[in-house]
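Next come the chains, spelled out residue by residue.
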Amino acid sequence: MLDRLAEIERRYEELERLVADPTVIANRREFAKLARERSQLEETVARWRERQRLAREIEEHRELAREKDAELRELARGELPALEARLAALDATLKQLLLPKDPNDERNTVLEIRAGTGGDEASLFAAELFRMYTRYAERHGWRVEVLSSSPTGLGGFKEVIGLVAGKGAFSRLKFEGGVHRVQRVPVTETQGRIHTSAVTVAVLPEAEDVEVELADKDLRIDVYRSSGPGGQSVNTTDSAVRVTHLPTGLVVTCQDEKSQHKNKAKALKILRARLLERARSEQQSEIAANRKAMVGSGDRSEKIRTYNFPQSRVTDHRVNVTLHTLDRVLDGEIDPIVDALVTRQQAEALAPAD
């Protein structure tokens, strides 16, 4: 482990020299790639350097523990256990930091929430999930921006796409992709029967401009008048934008802003994230394999998590974690579930290969 850490430190120092090189700075793509790699190594190097200082301090105390001066010897021996405990804790942390990392972990996140099975009730719960993730982001100091939405008359969403911006956003939110099932009595239910609905969540790392280049010749951009709930500008100006990526056929629409320019910028941001995900999926298997596996068909049976309102219960079926604090979970307190999923991922990474 120590040899590996020394190697990482050498690479980090090399990256620091490279990102200060004017030739590299002039190449946006190369600079962004190297700066991201340096950022990913930063914590590991800081902990490794801390370990080196601590190891030297322990060695000094061990030498003092062999001194002839009895008082000095006892003082050194008394401090050694605490120093050695700190070293053991640091080694455990470094072991975790050396686990294979998802290169997307520090990226911003494009969160796509869509109503699945359940009609109006699914749309209402889609809005509640979006609020839950917004509150979760606030707790972590991340910023949330709505990129696109299709609201319903009842206050729900058929679809809402948001950008969660902040360090480590993807590392936590990536576990949220899948089918979320809700069990409750809808407000429209007159006989008090519990209904089951589903909402799909897709979590995509945001693509940087230098990673996904969009040539003008590959885009068809149509503008039209906004429709649905909105302010005074709705249906009066051609502010809504539809972007079609001709090589792949991907279509993104955006009409949330009054400005056509802003709607176009948001649509291109969504398109880049989807194209980046598509490219990565192609490398692994077939086009869009990851995203399709993440959300499935939106059927209730493909659930990753259940929100049961009558029992105020939330159960994540992947790690078999159940919380009886539904109101707090919907207010953004999902870290207990995310922590369990992170722990499971780390345990799988540490497990010896068959």
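Below is a short write-up of the structure. (Residues numbered from 1 in each chain as written. Predicted model: local features only at pLDDT ≥ 70, side-chain atom pairs only at ≥ 80, totals over all residues. Heavy atoms only, no water.)

A short note on the nonpolar core
The biggest cluster of nonpolar side chains holds 35 residues, and the ones touching the most others in it are Ile113, Leu129, Met132, Tyr133 and Tyr307. Elements with a contribution of two residues or more to this core: β1 (109–115), α5 (119–139), β3 (157–165), α6 (169–173), β5 (195–205), β11 (321–323), α9 (326–330) and α10 (335–350). At nine residues, the largest contribution of residues to this core is made by α5. Excluding residues within four positions of it along the chain, Tyr133 makes contact with Leu111, Ile113, Leu173, Glu176, His180, Val201, Arg305 and Ile334. (Core = buried A, V, L, I, M, F, W, Y, C linked by side-chain atoms within 4.5 Å. Buried < 20%, exposed > 50% of the residue type's maximum accessible area, 1.4 Å probe, protein only. Helix = DSSP H or I, 4+ residues; strand = E, 2+ residues; numbered from the N terminus. Contact = heavy atoms within 4.5 Å.)

What about unusual backbone geometry?
Even without glycine at this site, Ser312 takes up a positive phi of about 50 degrees. Take Ser312: it is sitting in the loop between β9 (303–308) and β10 (313–316).

Considering the pairing of β9
The element β9 is largely enclosed, with a buried count of five among its six residues. Alignment of strand β4 (residues 178–184) against β9, held across five bridges, turns out to be parallel. Looking at the pairing, Gln183 lines up with Asn308 of β9. Pairing of β9 with β10, which is carried by four bridges, proceeds in the antiparallel orientation. Among the inter-strand pairings, Tyr307 is bridged to a residue of β10, identified as Val314. The hairpin formed by β9 and β10 contains four residues between the paired strands, and Ser312 there has a positive phi angle of roughly 50 degrees. (Pairing = 2+ DSSP bridges.)

Considering the packing of aromatic side chains
By the definition in use, this model includes three aromatic pairs. For the pair Phe130 and Phe157, a centre-to-centre distance of 6.3 Å together with 80 degrees between the ring planes defines the contact as edge-to-face. Of this pair, Phe130 sits in helix α5 while Phe157 sits in strand β3, and the two are 27 residues apart along the sequence. Accessibility assignment for this pair places Phe130 and Phe157 in one class, buried. Seen in terms of ring centroids, Tyr136 and Trp142 are 5.8 Å apart; in terms of plane orientation they differ by 80 degrees. Their pairing is edge-to-face. (Phe/Tyr/Trp six-rings, centres within 6.5 Å; stacked < 30°, edge-to-face > 60°.)

Let's talk about a negative patch on the surface
There is a patch of like negative charges on the surface, built from Glu57, Glu59, Glu60, Glu63, Glu67, Asp69, Glu71 and Glu79. Of all the secondary-structure elements, those providing two or more residues to the negative patch are α3 (28–64) and α4 (70–97). Ranked by residue count, the leading element in the negative patch is α3, at four residues. Position of Glu71 among the secondary structure elements: in helix α4. (Patch = residues over 30% accessible without salt bridge, like charges linked within 9 Å, V, L, I, M, F, W, Y side chains within 5 Å. Areas by Shrake-Rupley, 256 points an atom, 1.4 Å probe, with all protein chains shown as cover. Salt bridge = Lys/Arg side-chain N within 4 Å of Asp/Glu carboxyl O. Lys, Arg positive; Asp, Glu negative; His and termini not counted. Charge placed at Lys NZ, Arg CZ, Asp CG, Glu CD.)

Comments concerning the sheet that holds strand β8 (residues 250–254)
Reading across the sheet, the three strands line up as β6-β7-β8 and stay open at both edges, with antiparallel pairing between neighbours. The open sheet has two free edges, formed respectively by β6 (219–224) and β8, since each of these has just one partner strand. The mean angle between the axes of side-by-side strands here comes to 15 degrees, regardless of whether they run parallel or antiparallel. One ladder, built from five bridges, connects strand β7 (residues 240–245) with β8; its direction is antiparallel. Residue Val241 lies in a different strand from β8, and its bridge partner there is Cys254. (Axes fitted to C-alpha atoms, helices over the stretch in contact; angles between N-to-C directions.)

Quick look at the side chain of Thr152
For Thr152, the location among the structural elements is in the loop between β2 (143–151) and β3. Not counting residues up to four positions away in its chain, the partners in contact with Thr152 are Ser123, Phe157 and Lys158.

A short note on the pattern of salt bridges
For side chains of opposite charge, pairing can occur when their charged atoms come near one another. Per the counting criterion, the structure on display carries 34 salt bridges. As a salt-bridge pair, Glu333 and Arg139 come within 3.8 Å of each other at their nearest N and O atoms. Taken as a pair, Glu333 in the loop between α9 and α10 and Arg139 in helix α5 lie far apart in primary sequence, 194 residues in all. Taking relative accessible area as the criterion, Glu333 reaches 29% and is therefore assigned partly exposed. Owing to a relative accessible area of 41%, Arg139 belongs among the partly exposed residues under this scheme. The shortest N-O distance in the salt bridge between Arg220 and Asp222 comes to 3.5 Å. Note on Asp222: relative accessible area 24%, which makes it partly exposed. Salt bridges sharing partners connect three or more residues here, namely Arg131, Arg135, Glu138, Arg139, Arg328, Asp331 and Glu333.

Comments concerning α4
In this model, α4 (28 residues) spans 41 Å end to end at C-alpha, consistent with the 40 Å of a helix rising 1.5 Å per residue. A bend of about 30 degrees at Leu80 is the largest found in α4, and the proline Pro81 appears one to four places after it. When α4 is considered as a whole, its buried residues turn out to be Ala76, Leu80, Leu83, Leu87, Leu90, Leu94 and Leu97. The N-cap of α4, judged by a side-chain oxygen 2.9 Å from the amide nitrogen of Glu71 a few residues on, is Asp69. (Expected span 1.5 Å × (residues − 1). Bend = angle between axes of the 7 residues up to and from the residue. Polar contact = N/O pair within 3.5 Å; in protein donor to acceptor, adjacent residues only side chain to side chain.)

Focus: the layout of surface pockets
Vacant regions in the atomic arrangement are exposed by a probe of water-molecule size rolled over the atoms. Here the largest pocket is characterised by a volume of approximately 960 Å³. Considering the residues around the largest pocket, the lining is formed by 31 residues, among which Gln96, Leu97, Leu99, Lys101 and Asp105 are closest to the centre. The set of elements that each furnish at least two residues to the lining of the largest pocket consists of α1 (2–19), α3, α4, α6 and α10. If you tally residues by element for the lining of the largest pocket, the top one is α3, at seven residues. By residue class, the composition of the lining of the largest pocket is 10 nonpolar, eight polar and 13 charged. (1 Å grid on protein atoms, 1.4 Å probe; cavity = no way out; pocket = protein on both sides within 12 Å on 5 of 7 lines; lining within 4 Å. Points joined across faces, edges and corners; volume = space filled by probe spheres on them. Nonpolar A, V, L, I, M, F, W, Y, C, P; charged D, E, K, R; others polar.)

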